[in-house]
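Listed here are the chains, written in short residue letters.
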Amino acid sequence: MWPFTENRFDRVVAIEHDEQRDQFVQYKRNSQDIIEETSISSKHFFIVDTLDLCPLGSSYLVVELVGELPLRYLVLCDSYRDYLSALREAKSYGRAKYGEAMSDHMWQRSPVEAFLMRSGTTLFTNLQPHELKVVALDFEMYTSAGKHFAASSDPMDKIILASLADNRGQTYLLDESLLGEAGLIKEVCRLINQNDYDVICGHNLVGFDLPYLTTRAQQLNIPLCLGRNRSVLKQRAITRRYGLREAPEFFVFGRHIIDTLPLLISWDITKRALENYRLKDAVIALGISPRDRRDFDRGDISQMWDSKAADLLDYAQADALDSLALYSFLSPALFFQTQMLPLTYQQCAATGTGTKADLSLIRAYLQKTHSLPLRGAHVLGEGRGGLTEAKSLGWHQDIHKADVASLYPSICLSFNIKPRTDVLNAFPAVLKVLTERRLEAKASLKTLPPDGYEFKATDALQNSLKILINSFYGMLGTSGLYFSDSEASNDITTRGQEILLKMVDNVERAHGKVIEIDTDGIYFTLPESTKTAHAISCLVAEELPPGIRVDYDGHYDYMYSYAPKNYLLVKNDLLIRKGVVFRSRRLFGLQNDFIVVCVDKLIRGDSAGLAAYYRQTARRIRAREVEFDSVITYLVVDQTMAEYEEGLMTQGQRSRPLDLIASRPDRDKWTLRSKIYYYHAGNGEIKLAEDFAKDIDPSYYLELLRKTAEKFLYIFSPQDWYRIFSETPLSDEEARLIRPWFFVPRQMPATLAEYERVIKGDFQLRLF
DNA sequence: AACTGTGGCCGTGGGT
DNA sequence: ACCCACGGCCAC
């Protein structure tokens with residue numbers, strides 16, 4: 001089973017360390033949906049690299065680990081008290097000996113993680129995601145008049161509603177006007193304990209609801225007994241980065257706290273499907289909203305409360321149901337990672353992927369009582385990455401895409417690349433098992449009905465495996481992990497570059513034209529379009545090293561290549577945009593529209609329509625006949641006003657949008673990670689979007705339009721480009737004669753620099 | 001305290 | 001007018 005673990009701890013939903021009794025408590029959800037509790041005694045340990053760091057005394061046992069790696073002295077402690085004092089001692093010796101680098105000479109995790117590591121168990125074995133008992137929690141606060149946000153320190157800002165929804169179909173709505181605020185808080189605790197939930201989830205739970213609840217409970221002097229052993233909600237003040245802000249970490253004994261907001265943000269980093277991360281917008285965008293709901297501004301809540309509007313109750317209930325839906329959508333990958341790793345569910349959500357790969361290697365070593373490498377010892381200098389090149393700019397037709405399946409993991413396995421410290425060959429062994437598991441999951445996907453529950457779960461499993469597998473490469477180049485090795489990392493990328501170049505060579509030898517390459521994939525055209533997908537992938541894969549598999553990854557009708565990592569694809573009249581130039585969040589509506597229209601006209605060969613569109617847009621800008629969305633952009637607030645003003649003094653770095661809000665009385669409206677929407681008004685001034693009065697600066701937006709048109713530099717000859725994208729009238733007849741190069745293939749004669757000179761009006765060029 | 005990586009384009013704001 | 005460093009956002 002290695003590196004996975006035996007199922008000794010079947011259906012365990014939580015393991016905690018009870019500090020008072022110094023015992024590990026295990027909660028198991030049996031097949032009757034009842035929780036069984038077991039206490040287990042276990043010793044505590046950490047590992048150091050020299051006897052100098054080991055404490056003296058009879059309550060400690062120093063075990064020398066096998067093998068030649070430097071972290072070799074395991075300090076085993078009889079009790080938690082002994083462990084804490086031993087650790088303190090070791091750290092103080094360590095600081096004296098190594099200074100700042102002290103922590104690189106130790107290995108230490110929390111008691112529960114160390115316990116999972118040593119016992120070789122994980123949570124959630126033989127459970128499915130839906131078997132966990134989950135409650136979504138949402139509070140509505142009363143905001144006193146004139147304020148934008150509730151402040152828990154303000155006695156007027158009380159909790160007025162608590163809404164709970166669980167995944168067994170129960171909902172609860174607690175009303176302050178009936179229960180009183182203290183009664184409401186107590187009832188929340190009672191319900192959580194009575195129903196004995198494994199997971200407490202919510203949207204921005206850690207950033208808002210829990211801090212708020214804690215403060216209100218303190219003021220009302222109510223203990224928040226949410227733990228399975230009736231212990232109170234604990235808060236660790238230090239803080240992990242929560243989005244951009246620092247938030248405390250919360251713990252409930254025996255339960256996991258899962259906040260859907262950070263999960264949603266990380267999900268969207270790759271998917272780019274969301275406009276914002278508000279709960280109701282997200283569930284609608286994802287198509288998982290449990291039911292239709294009336295929509296209104298959060299600012300109205302207090303007003304509705306004052307007027308006792310019944311809608312508010314619906315609203316609050318819907319929030320909890322939405323949170324639960326979002327949790328169900330986002331959490332399965334996390335669930336399956338928890339099945340594989342010596343981490344709790346909650347820790348799994350907060351831990352980076354590199355650490356997870358590292359931990360799985362450390363577990364393999366400790367299971368053989370083998371010594372460990374020092375932390376970050378083999379990372380130096382800058383790493384080398386993937387190969388990227390836009391080999392042929394402009395329009396192309398009938399494009400193929402091929403890529404290597406799991407390039408870096410395949411290279412690791414094929415060329416036996418691993419960290420030099422990995423004497424037990426755990427890196428390839430773990431990687432191999434994970435890869436095989438993923439292939440199994442992917443294979444069984446094909447046999448499952450795509451709408452069913454099992455399909456979703458299996459898909460989540462293979463996806464979480466993919467993330468873990470990929471992080472084995474990323475781990476190597478990271479300082480601060482135990483099995484990192486930048487030399488191995490560079491070996492992998494070098495091989496990757498060689499493989500990509502060989503693929504390019506294969507296409508060119510078949511008289512194909514390579515358009516764009518990036519890391520593990522290649523876009524190209526071939527002389528004949530009749531080849532099958534299989535034949536094409538074989539062609540690309542010729543003479544590649546064994547173990548490297550090339551997949552045919554699609555056919556596109558058109559492709560426009562502008563720059564490395566920046567291109568457009570058209571398939572069945574569907575436009576796919578890649579790169580910051582064509583799909584940045586920061587694009588103005590004006591630019592988005594231009595890109596879409598431009599491609600559409602080009603595909604239809606409608607040069608006259610394109611010229612007309614450009615002139616019309618320019619005319620509207622001059623006349624200030626613009627839509628709000630066309631001219632608005634934003635800046636994400638990434639520092640507090642105080643930090644900004646501090647920065648102004650020390651570095652003098654100005655930001656016009658921040659200047660704009662700095663002097664406003666309502667400047668607290670913009671919090672960290674919120675956006676300042678603004679537009680360009682006359683004389684180089686910017687103004688807030690909320691003050692929009694169509695008083696835009698035409699020169700700014702004309703320049704913007706021109707710059708956007710420049711992204712389509714390679715569509716016409718330079719002279720024609722200048723005639724199409726110009727405000728100078730051009731008759732339809734003349735425009736019709738201008739054909740995109742794509743329809744009239746010519747030699748690509750110009751360099752980017754030559755184009756630019758032409759566009760800037762230098763007609764002295766002897767290009768043609 | 002905790003942390004997966006590199007490659008790339010572009011706008012901004014400061015400097016000369 | 002040009003250069004440059006930096007941060008934001010994106011591809012893989």
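Refer to the structure presented above.
The rules behind these values
- Residues numbered from 1 in each chain as written.
- Chains lettered and ligands numbered in written order.
- Predicted model: local features only at pLDDT ≥ 70, side-chain atom pairs only at ≥ 80, totals over all residues.
- Heavy atoms only, no water.
- Phe/Tyr/Trp six-rings, centres within 6.5 Å; stacked < 30°, edge-to-face > 60°.
- Helix = DSSP H or I, 4+ residues; strand = E, 2+ residues; numbered from the N terminus.
- Buried < 20%, exposed > 50% of the residue type's maximum accessible area, 1.4 Å probe, protein only.
- Lys NZ or Arg CZ within 6 Å of the ring centre and 35° of its normal.
- Arc of directions from axis to C-beta.
- Pairing = 2+ DSSP bridges.
- Contact = heavy atoms within 4.5 Å.
- Axes fitted to C-alpha atoms, helices over the stretch in contact; angles between N-to-C directions.
- Lys, Arg positive; Asp, Glu negative; His and termini not counted.
- Salt bridge = Lys/Arg side-chain N within 4 Å of Asp/Glu carboxyl O.
- Polar contact = N/O pair within 3.5 Å; in protein donor to acceptor, adjacent residues only side chain to side chain.
- Near = heavy atom within 4 Å.
- Nonpolar A, V, L, I, M, F, W, Y, C, P; charged D, E, K, R; others polar.

A. Just the packing of aromatic side chains, in detail. Per the stated rule, a full pass over the model turns up 36 aromatic pairs. Each ring, one from phenylalanine 45 and one from tryptophan 107, has its centre 5.9 Å from the other, and the planes form 20°; the classification is stacked. Highlighted residues: phenylalanine 45 in strand β4 (residues 44-48) and tryptophan 107 in strand β7 (residues 106-107), separated in sequence by 62 residues. Assigned by exposure class, phenylalanine 45 and tryptophan 107 land together as buried. On the numbers, 5.8 Å between centres and 85° between planes, the contact of phenylalanine 588 with tyrosine 701 is edge-to-face. One end of the pair, phenylalanine 588, is in the loop between α17 (580-583) and α18 (589-603); the other, tyrosine 701, is in helix α23 (residues 698-710), with 113 residues separating them in the sequence. Of the two residues examined, phenylalanine 588 and tyrosine 701, each falls in the buried class. Positioned over the ring face of tyrosine 634 is arginine 586, at 5.8 Å from the centre of the ring. Sitting over the face of the ring of tyrosine 634, lysine 675 holds its NZ or CZ atom 4.6 Å from the ring centroid.

B. View of helix α16 (residues 533-541). Listed in full, the buried residues belonging to α16 are Ile536, Ser537, Leu539 and Val540. Seen from one end, α16 has its buried residues packed into an arc of 155°, which puts them on one side. Taken from the residues just after α16, glutamate 543 is the one with a positive phi, measuring 60°.

C. Focus on the sheet that holds strand β5 (residues 60-64). Pairing is antiparallel across the open sheet formed by 4 strands, whose spatial order is β5-β6-β4-β7. Among the strands making up the open sheet, the edge pair consists of β5 and β7. Pairing of β4 with strand β6 (residues 73-77), which is carried by 5 bridges, proceeds in the antiparallel orientation. The residue of β6 that forms the bridge with phenylalanine 45 is leucine 76. Relative to the sheet, helix α1 (residues 80-98) contacts β4, β5, β6 and β7, its axis offset from that of β4 by approximately 15°.

D. Fine view of the side chain of aspartate 422. Along the chain, the position of aspartate 422 falls in the loop between α12 (407-414) and α13 (426-447). No salt bridge is formed by the buried aspartate 422. Its closest oppositely charged neighbour is lysine 418, at 5.0 Å. Of note is the side chain of aspartate 422, whose polar atom sits 3.2 Å from the backbone nitrogen of asparagine 425. A polar contact is formed between the side chain of aspartate 422 and the backbone nitrogen of phenylalanine 427, at a distance of 2.7 Å. Residues within four places of aspartate 422 in sequence aside, it is in contact with Tyr365, Phe427, Pro428 and Phe483.

E. Spatial organisation of the protein's contact with DNA strand C. Not every one of the 16 residues close to DNA strand C is listed here, only the nearest: Arg272, Asp520, Tyr567, Arg586 and Asp638. Close to the protein, within 4 Å, the atoms of DNA strand C belong to sugar or phosphate groups at a rate of 89%. Between glycine 579 and DNA strand C, the recorded distance is 3.1 Å, taken from a backbone N or O atom to a phosphate oxygen. Here a sugar or linking oxygen of DNA strand C and a side-chain polar atom of arginine 586 are 2.8 Å apart. Only α17 and β22 (633-636) provide two or more residues apiece to the surface near DNA strand C. Among the residues forming the surface near DNA strand C, the class breakdown is 4 nonpolar, 3 polar and 9 charged.

F. Expanded view of the protein's contact with DNA strand B. Neighbouring DNA strand B are 31 residues; Thr351, Gly352, Gly385, Thr478 and Tyr562 lie closest to it. Contact between DNA strand B and glycine 354: a sugar or linking oxygen at 3.4 Å from a main-chain N or O atom of the residue. At 2.8 Å, a backbone N or O of glycine 385 approaches a sugar or linking oxygen of DNA strand B. Residue assignment for the surface near DNA strand B shows that the elements contributing at least two residues are β12 (234-242), α11 (353-367), β19 (550-563) and α17. Top contributing element to the surface near DNA strand B by residue count: α11, with 3 residues. Of the residues contributing to the surface near DNA strand B, the split by class is 7 nonpolar, 16 polar and 8 charged.

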